[in-house]
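If you want the building blocks of each chain, they are given just below.
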Amino acid sequence: NAGVTQTPKFQVLKTGQSMTLQCAQDMNHNSMYWYRQDPGMGLRLIYYSASEGTTDKGEVPNGYNVSRLNKREFSLRLESAAPSQTSVYFCASSEPGEYEQFFGPGTRLTVL
Amino acid sequence: QQPVQSPQAVILREGEDAVINCSSSKALYSVHWYRQKHGEAPVFLMILLKGGEQKGHEKISASFNEKKQQSSLYLTASQLSYSGTYFCGTPRNSGNTPLVFGKGTRLSVIA
(Lines give C-alpha, C1' and ligand atoms only; values in the text may rest on other atoms or scores of the structure.)
Protein backbone atom coordinates (compact mmCIF):
# COMPACT_ATOMS: atom_id res chain seq x y z
CA ASN A 1 0.00 0.00 0.00
CA ALA A 2 1.35 3.42 -0.97
CA GLY A 3 -0.96 5.23 1.48
CA VAL A 4 -1.44 8.86 0.44
CA THR A 5 0.55 10.12 -2.51
CA GLN A 6 0.97 13.70 -3.70
CA THR A 7 2.39 15.21 -6.86
CA PRO A 8 4.45 17.21 -7.43
CA LYS A 9 6.86 17.29 -4.46
CA PHE A 10 8.17 20.75 -5.32
CA GLN A 11 6.86 23.51 -7.54
CA VAL A 12 7.85 27.08 -8.32
CA LEU A 13 5.26 29.34 -9.92
CA LYS A 14 5.17 32.93 -11.02
CA THR A 15 2.41 35.20 -9.75
CA GLY A 16 -0.72 34.68 -11.81
CA GLN A 17 0.11 31.18 -13.02
CA SER A 18 -2.24 28.30 -12.33
CA MET A 19 -1.58 24.74 -11.25
CA THR A 20 -3.24 21.66 -9.81
CA LEU A 21 -1.91 19.64 -6.92
CA GLN A 22 -2.81 15.98 -7.13
CA CYS A 23 -3.59 13.63 -4.25
CA ALA A 24 -4.52 9.96 -4.25
CA GLN A 25 -5.10 7.40 -1.51
CA ASP A 26 -5.35 3.63 -1.71
CA MET A 27 -6.90 2.95 1.70
CA ASN A 28 -10.52 3.21 0.54
CA HIS A 29 -11.12 6.15 2.85
CA ASN A 30 -14.25 8.22 2.48
CA SER A 31 -12.87 11.54 3.73
CA MET A 32 -10.04 13.57 2.23
CA TYR A 33 -8.51 16.89 3.20
CA TRP A 34 -6.20 19.62 1.95
CA TYR A 35 -4.11 21.58 4.46
CA ARG A 36 -1.52 24.27 4.16
CA GLN A 37 1.30 24.65 6.64
CA ASP A 38 3.11 27.93 7.21
CA PRO A 39 5.80 28.55 9.83
CA GLY A 40 4.28 29.09 13.26
CA MET A 41 0.71 28.65 12.00
CA GLY A 42 0.15 24.95 12.36
CA LEU A 43 -1.98 23.05 9.87
CA ARG A 44 -4.86 25.00 8.39
CA LEU A 45 -7.65 23.29 6.52
CA ILE A 46 -8.28 24.61 3.01
CA TYR A 47 -11.03 22.27 1.78
CA TYR A 48 -12.27 18.84 2.66
CA SER A 49 -14.43 16.15 1.17
CA ALA A 50 -16.41 14.12 3.68
CA SER A 51 -17.34 11.58 1.04
CA GLU A 52 -17.20 11.09 -2.69
CA GLY A 53 -19.28 13.74 -4.43
CA THR A 54 -19.12 16.33 -1.64
CA THR A 55 -16.69 19.15 -0.88
CA ASP A 56 -16.73 21.87 1.76
CA LYS A 57 -14.70 24.90 2.65
CA GLY A 58 -12.25 24.84 5.51
CA GLU A 59 -10.62 27.70 7.37
CA VAL A 60 -8.66 29.26 4.47
CA PRO A 61 -10.43 28.46 1.14
CA ASN A 62 -9.92 31.76 -0.69
CA GLY A 63 -7.88 31.40 -3.87
CA TYR A 64 -8.36 27.64 -4.12
CA ASN A 65 -10.73 25.18 -5.73
CA VAL A 66 -10.99 21.43 -5.29
CA SER A 67 -12.33 18.44 -7.15
CA ARG A 68 -13.12 15.05 -5.67
CA LEU A 69 -12.57 13.13 -8.87
CA ASN A 70 -13.52 9.76 -7.40
CA LYS A 71 -13.13 8.02 -4.07
CA ARG A 72 -9.34 7.79 -4.47
CA GLU A 73 -8.45 11.23 -5.80
CA PHE A 74 -8.82 14.77 -4.48
CA SER A 75 -7.15 17.63 -6.33
CA LEU A 76 -6.43 21.21 -5.31
CA ARG A 77 -6.29 23.97 -7.91
CA LEU A 78 -4.75 27.41 -7.70
CA GLU A 79 -6.30 29.46 -10.50
CA SER A 80 -4.08 32.53 -10.17
CA ALA A 81 -1.21 31.96 -7.78
CA ALA A 82 -0.16 34.71 -5.37
CA PRO A 83 2.98 34.98 -3.20
CA SER A 84 0.75 34.55 -0.12
CA GLN A 85 0.09 30.99 -1.32
CA THR A 86 3.73 30.04 -0.84
CA SER A 87 3.44 27.17 1.61
CA VAL A 88 3.73 23.44 2.16
CA TYR A 89 0.53 21.66 1.15
CA PHE A 90 -0.52 18.38 2.71
CA CYS A 91 -3.26 16.07 1.60
CA ALA A 92 -4.76 13.63 4.12
CA SER A 93 -7.39 10.94 4.22
CA SER A 94 -9.38 9.16 6.89
CA GLU A 95 -12.63 7.51 7.67
CA PRO A 96 -15.23 10.04 8.85
CA GLY A 97 -15.43 10.66 12.56
CA GLU A 98 -12.96 9.93 15.30
CA TYR A 99 -10.35 8.18 13.21
CA GLU A 100 -6.74 8.94 12.47
CA GLN A 101 -5.78 10.93 9.43
CA PHE A 102 -3.07 9.67 7.12
CA PHE A 103 -1.00 12.42 5.55
CA GLY A 104 0.79 12.50 2.23
CA PRO A 105 4.44 13.62 1.98
CA GLY A 106 3.53 17.20 1.06
CA THR A 107 4.10 19.62 -1.82
CA ARG A 108 6.42 22.55 -1.26
CA LEU A 109 5.09 25.42 -3.37
CA THR A 110 6.86 28.73 -3.95
CA VAL A 111 5.12 31.59 -5.74
CA LEU A 112 7.43 34.34 -6.96
CA GLN B 1 -11.70 28.22 17.22
CA GLN B 2 -8.08 27.13 17.16
CA PRO B 3 -6.94 25.22 20.26
CA VAL B 4 -4.08 26.79 22.19
CA GLN B 5 -0.94 24.76 22.85
CA SER B 6 1.69 25.36 25.50
CA PRO B 7 4.57 25.61 25.70
CA GLN B 8 5.46 26.78 22.19
CA ALA B 9 8.85 25.11 22.42
CA VAL B 10 10.79 22.99 24.88
CA ILE B 11 14.30 21.55 24.98
CA LEU B 12 14.98 18.38 26.93
CA ARG B 13 17.93 16.17 27.63
CA GLU B 14 17.50 12.47 26.99
CA GLY B 15 15.68 10.83 29.87
CA GLU B 16 13.86 13.98 31.01
CA ASP B 17 10.08 14.36 31.05
CA ALA B 18 7.82 16.89 29.36
CA VAL B 19 4.16 17.84 29.32
CA ILE B 20 2.47 19.46 26.34
CA ASN B 21 -0.90 21.09 26.91
CA CYS B 22 -3.80 21.76 24.58
CA SER B 23 -6.75 23.89 25.63
CA SER B 24 -9.90 25.13 23.99
CA SER B 25 -12.34 27.93 24.69
CA LYS B 26 -15.26 25.73 23.69
CA ALA B 27 -16.51 22.29 24.62
CA LEU B 28 -14.25 19.47 23.56
CA TYR B 29 -15.66 16.26 22.15
CA SER B 30 -12.30 14.73 21.47
CA VAL B 31 -8.63 15.62 21.15
CA HIS B 32 -6.32 14.26 18.47
CA TRP B 33 -2.53 14.31 18.78
CA TYR B 34 -0.01 14.22 15.93
CA ARG B 35 3.77 14.46 15.73
CA GLN B 36 5.69 15.90 12.80
CA LYS B 37 9.40 15.39 12.37
CA HIS B 38 11.34 18.03 10.48
CA GLY B 39 10.69 17.85 6.74
CA GLU B 40 8.14 15.05 7.09
CA ALA B 41 4.38 14.68 7.20
CA PRO B 42 2.44 14.65 10.48
CA VAL B 43 1.91 11.21 11.95
CA PHE B 44 -0.97 10.17 14.17
CA LEU B 45 -0.26 9.51 17.86
CA MET B 46 -3.60 9.14 19.58
CA ILE B 47 -7.21 10.21 19.98
CA LEU B 48 -8.79 10.91 23.35
CA LEU B 49 -12.56 10.72 23.50
CA LYS B 50 -15.16 11.85 25.98
CA GLY B 51 -15.71 9.17 28.54
CA GLY B 52 -12.06 8.21 28.73
CA GLU B 53 -11.62 6.04 25.64
CA GLN B 54 -8.25 6.33 23.93
CA LYS B 55 -7.16 5.14 20.52
CA GLY B 56 -3.54 5.17 19.55
CA HIS B 57 -0.48 3.36 18.33
CA GLU B 58 2.22 4.83 20.49
CA LYS B 59 3.10 4.11 24.07
CA ILE B 60 2.44 7.72 24.98
CA SER B 61 0.38 8.83 27.92
CA ALA B 62 -2.22 11.55 27.68
CA SER B 63 -5.14 12.94 29.61
CA PHE B 64 -8.38 14.61 28.60
CA ASN B 65 -10.23 16.85 31.04
CA GLU B 66 -13.62 17.63 29.54
CA LYS B 67 -14.60 20.08 32.28
CA LYS B 68 -11.42 22.11 31.89
CA GLN B 69 -11.57 21.73 28.10
CA GLN B 70 -7.98 20.66 27.89
CA SER B 71 -5.72 17.75 27.15
CA SER B 72 -2.14 17.03 28.14
CA LEU B 73 0.43 14.82 26.46
CA TYR B 74 3.01 13.26 28.79
CA LEU B 75 6.40 12.37 27.35
CA THR B 76 8.41 10.45 29.92
CA ALA B 77 12.02 9.34 29.76
CA SER B 78 12.38 11.19 26.50
CA GLN B 79 14.44 9.76 23.66
CA LEU B 80 16.11 11.50 20.73
CA SER B 81 13.38 10.08 18.50
CA TYR B 82 10.75 12.12 20.38
CA SER B 83 12.03 15.32 18.76
CA GLY B 84 9.56 17.03 16.48
CA THR B 85 6.56 19.30 16.53
CA TYR B 86 3.46 18.08 18.33
CA PHE B 87 0.02 19.21 17.22
CA CYS B 88 -3.32 18.79 18.89
CA GLY B 89 -6.50 18.92 16.87
CA THR B 90 -10.11 19.27 17.95
CA PRO B 91 -13.29 18.83 15.88
CA ARG B 92 -14.80 22.06 14.60
CA ASN B 93 -18.14 20.99 15.97
CA SER B 94 -19.59 17.84 17.40
CA GLY B 95 -19.88 14.75 15.29
CA ASN B 96 -18.07 14.06 12.06
CA THR B 97 -16.48 17.41 11.43
CA PRO B 98 -12.92 18.22 10.40
CA LEU B 99 -10.24 19.04 12.92
CA VAL B 100 -8.87 22.44 13.82
CA PHE B 101 -5.19 22.14 14.75
CA GLY B 102 -3.21 24.15 17.25
CA LYS B 103 -0.04 25.95 16.22
CA GLY B 104 2.16 23.21 17.57
CA THR B 105 4.78 22.63 20.27
CA ARG B 106 8.35 22.14 19.11
CA LEU B 107 10.16 19.54 21.20
CA SER B 108 13.91 19.11 20.93
CA VAL B 109 15.61 16.26 22.74
CA ILE B 110 19.38 16.51 23.02
CA ALA B 111 21.94 13.96 24.15
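Everything that follows concerns the structure shown earlier in this document.
Residues numbered from 1 in each chain as written. Chains lettered and ligands numbered in written order. Predicted model: local features only at pLDDT ≥ 70, side-chain atom pairs only at ≥ 80, totals over all residues. Heavy atoms only, no water.

### A look at the nonpolar core
(1) Moving on: Ranked by size, the top nonpolar core spans 20 residues in total, and within it Val31, Trp33, Leu48, Leu73, Leu75, Tyr86 and Leu107 of chain B carry the most contacts.
(2) Moving on: Counting residues in hydrophobic clusters, the runner-up holds 19 residues, among them Val4, Trp34, Leu109 and Val111 of chain A. (Core = buried A, V, L, I, M, F, W, Y, C linked by side-chain atoms within 4.5 Å. Buried < 20%, exposed > 50% of the residue type's maximum accessible area, 1.4 Å probe, protein only.)

### Section: unusual backbone geometry
(1) Moving on: Between Thr7 of chain A and Pro8 of chain A the backbone carries a cis peptide bond, its omega angle lying at -10 degrees.
(2) Moving on: Note on placement: Pro8 of chain A falls in the loop between β1 (4-7) and β2 (10-13).
(3) Moving on: Here the amide bond leading from Ser6 of chain B into Pro7 of chain B is cis, since omega sits at -10 degrees, within 30 degrees of zero.
(4) Moving on: Within the element layout of this structure, Pro7 of chain B appears in the loop between β1 (4-6) and β2 (9-13).
(5) Moving on: Even without being a glycine, Asn28 of chain A presents a positive backbone phi close to 60 degrees.
(6) Moving on: In this fold, Asn28 of chain A is placed in the loop between β3 (19-25) and β4 (31-38).
(7) Moving on: For Asn28 of chain A, a relative accessible area of 52% corresponds to the exposed category.
(8) Moving on: You will see that Ala77 of chain B, though not glycine, has its phi angle at about 45 degrees, which is positive.
(9) Moving on: Within the secondary structure layout, Ala77 of chain B lies in the loop between β8 (70-75) and β9 (84-91).
(10) Moving on: In this structure Ala77 of chain B comes out as partly exposed when scored by relative accessible area, which is 45%. (Helix = DSSP H or I, 4+ residues; strand = E, 2+ residues; numbered from the N terminus.)

### Description of the state of the cysteines
(1) Moving on: Scanning the model with the defined rule gives 2 disulfides over all chains in all.
(2) Moving on: Cys23 of chain A shares a disulfide with Cys91 of chain A; S-S distance 1.8 Å. Where Cys23 of chain A bonds to Cys91 of chain A through sulfur, the torsion about that S-S bond is close to -70 degrees, and the disulfide is left-handed. Here Cys23 of chain A, found in strand β3, pairs with Cys91 of chain A, found in strand β9 (residues 87-94); they are 68 residues apart in sequence, far enough to count as distant.
(3) Moving on: Residue Cys23 of chain A is classed as buried on the basis of its relative accessible area of 3%.
(4) Moving on: Here Cys22 of chain B is linked by a disulfide to Cys88 of chain B, with a sulfur-sulfur distance of 2.1 Å. Its torsion about the S-S bond being 75 degrees, the disulfide of Cys22 of chain B and Cys88 of chain B is classed as right-handed. Within this pair, whereas Cys22 of chain B is found in strand β3 (residues 18-23), its partner Cys88 of chain B is found in strand β9, the two being separated by 66 residues in sequence. The exposure classification of Cys22 of chain B matches that of Cys88 of chain B, with both residues buried. (Disulfide = S-S within 2.5 Å.)

### Quick look at the environment of Gln1 of chain B
All names here are of chain B.
(1) Moving on: Among the structural elements, Gln1 can be located in the segment before β1.
(2) Moving on: Here Gln1 falls in the exposed class, since its relative accessible area comes to 61%.
(3) Moving on: As a C-alpha pair, Gln1 and Phe101 span 100 residues in sequence and 9.2 Å in three-dimensional space.
(4) Moving on: With residues near it in sequence (within four places) discarded, Gln1 still touches Ser25, Lys26 and Val100. (Contact = heavy atoms within 4.5 Å.)

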